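# Summary of structural features
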Amino acid sequence: MSGNFLALAQPGVQQLSPYVPGKPVDELARELDLDPASIVKLASNENPLGASPKALAAIRDALAELTRYPDGNGFELKSLLAEQCRVEINQVTLGNGSNDILELVARAYLAPGLNAVFSEHAFAVYPIATQAVGAQAKVVPAKEWGHDLPAMLAAIDANTRVVFIANPNNPTGTWFDAQALDDFLQDVPEHVLVVLDEAYIEYAEGSDLPDGLDFLAAYPNLLVSRTFSKAYGLAALRVGYGLSTPVVADVLNRVRQPFNVNSLALAAACAALKDEAYLAESRRLNEAGMEQLQAGFRELGLSWIASKGNFICVDIGREAAPVFQGLLREGVIVRPVANYGMPNHLRITIGLPAENSRFLEALTKVLARG
Ligand SMILES: *Cc1c(COP(=O)(O)O)cnc(C)c1O
């Protein structure tokens, strides 16, 4: 007799729902028999510019060494990051995407009997990383779609080891300011590691969004995680990083895979970091696209949640799933967020001007059908 391998999985895993990614272009093309080139995907907060040409050139150069293991310590990338982020190299942890950093934290600091605190409508990887190691997820109700930091503080108990906060948050796009962050960090007990997820921080430059790095020196229980997947346009390569005290970095280093970031990713990330023009253009495009979408929503009489990311949640005013399906039939992929407790919203990634227009036209058409 064979065992019941669902019931045999550890309890946290039995109750897990797997991450649901944005629908891939090729999948929709197959389903609807469409030309992939005709499909607009605004579903995964990817940079619509395509990767930096400098990153592509670096990848081509790195191809010659594909037979070798990558530098397991990621020395060059860590050095560049340390310099840019004003920290020592031993404060940098590289990850296979920042997703990897979140999981390293969970593996190192969470276990059955311990818990992680995070917000309702927060990034789907927090519950996955937490439950996967058998720890309990303490989900704190959101306030106006955003993190209720005082309520999150109140939820911390003796068994809490990690708090995940995202600024801005995905999928809501909501954010908190420097004062709110400082007040929060002041009061978090010393036995709790605060993971400040800044996956979209590069888009927030010049706004009232705090730079998590400004708080590292004062708060040894802070880890800032960042990624090359969003503004740096390298989502496919999977590179992210954590910045923390050397002690936390050392702990994470003990549990990571020896070669968790591949050599093409390392080379591309180094080049992307140096390509300031690309980043500036990404920001400019994002700001223009954000205005374009908001103008379109206004015209359609739809409201939205103000966002500091490269995406925006629009309120359809009724169940959004049929509108999502209608958009698919128009060859436009956006992101339903019912699994984030937001059944009436759709999350739209800011695209190129023509992609945003295609989406708005399709939305107008689908809504007119009722
Ligand atoms: C996209 C995203 C990440 C991680 O993306 P990686 O590709 O794994 O670096 C982390 N946090 C949030 C909030 C995100 O939206």
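Per chain, the residues get numbers from 1 upward, laid out in the order the sequence is written. Totals for whole chains, interfaces and linings use all residues, but because this is a predicted model, local features are given only for residues with pLDDT of at least 70 and pairs of side-chain atoms are given and counted only at 80 or more. Values shown for side chains rest on all heavy atoms present in the structure; no hydrogens or waters enter the calculation.

Together, Asp 177, Asp 183, Asp 187 and Asp 208 make up a negatively charged patch on the protein surface. Numbering of helices and strands runs from the N terminus, with a helix taken as a DSSP run of H or I at least four residues long and a strand as a DSSP run of E at least two residues long. Its location among the elements puts Asp 177 in the loop between β5 (160–166) and α8 (178–187). Two distance rules govern patches: like charges are joined within 9 Å, and nonpolar side chains (Val, Leu, Ile, Met, Phe, Trp, Tyr) within 5 Å, applied only to residues with over 30% relative accessible area and no salt bridge. Here the accessible surface of atoms and residues is derived via Shrake-Rupley with a 1.4 Å probe, and residues count as covered only by protein chains that are part of the display. One side-chain nitrogen of Lys or Arg within 4 Å of one carboxyl oxygen of Asp or Glu is enough to make a salt bridge. As used throughout, the charge tally considers Lys and Arg to be positive and Asp and Glu to be negative, leaving His and the chain termini uncounted. Taken as the charge location is NZ of Lys, CZ of Arg, CG of Asp or CD of Glu.

Attention now moves to the pairing of β5. In terms of burial, β5 is a largely internal element, six of the seven residues being buried. Being paired, for any two strands, means DSSP has found at least two bridges between them. In terms of strand pairing, strand β3 (residues 115–119) meets β5 through three bridges, oriented parallel. Counterpart to Ala 116 in the pairing with β5 is Val 162. Sheet topology places β5 next to strand β6 (residues 193–197); five bridges connect them, and they run parallel. Accessible area is worked out with a 1.4 Å probe on protein chains only. A residue is then buried under 20% of its type maximum, exposed over 50%, and partly exposed in between.

Attention shifts here to the domain arrangement of the protein. A domain assignment, automatic or from a database, supplies the domain bounds used here. The assigned domain composition of the protein is domain 1 (11–41 + 277–368) and domain 2 (53–275). Look at where the C-alpha atoms of domain 1 and domain 2 centre, and you get two points 25 Å apart. Domain 1 puts 27 residues into the contact, and the matching count from domain 2 is 30 residues. Summed over both partners, the interface of domain 1 with domain 2 comes to about 2500 Å²; 65% of that surface belongs to carbon and sulfur atoms. The quantity reported as buried area is the accessible area (1.4 Å probe) lost by two parts once they are put together, taken as the sum for both. Sorting the residues of domain 1 by area buried against domain 2 places Tyr 278, Lys 308 and Tyr 340 first, and these three jointly supply 28% of that buried surface. Counting every contact that joins domain 1 to domain 2 gives zero salt bridges. Any N or O atom pair separated by 3.5 Å or less is treated as a polar contact, with the protein-specific requirement of one donor-capable and one acceptor-capable atom, and with residues adjacent in sequence counted only for side-chain atom pairs. Counting every contact that joins domain 1 to domain 2 gives nine residue pairs in polar contact (both at pLDDT 80 or more). Going through the elements one at a time, α1 (11–14), α11 (276–300), β10 (311–315) and β13 (345–349) are the ones with two or more residues in the side of domain 1 that touches domain 2. With six residues, the single largest contributor to the side of domain 1 that touches domain 2 is α11. Residue classes in the side of domain 1 that touches domain 2 are distributed as 14 nonpolar, 10 polar and three charged. Between two residues, a contact is recorded if the distance between any of their heavy atoms is within 4.5 Å. All residues other than Ala, Val, Leu, Ile, Met, Phe, Trp, Tyr, Cys, Pro, Asp, Glu, Lys and Arg, Gly among them, are scored as polar; the first ten of these are nonpolar and the last four charged.

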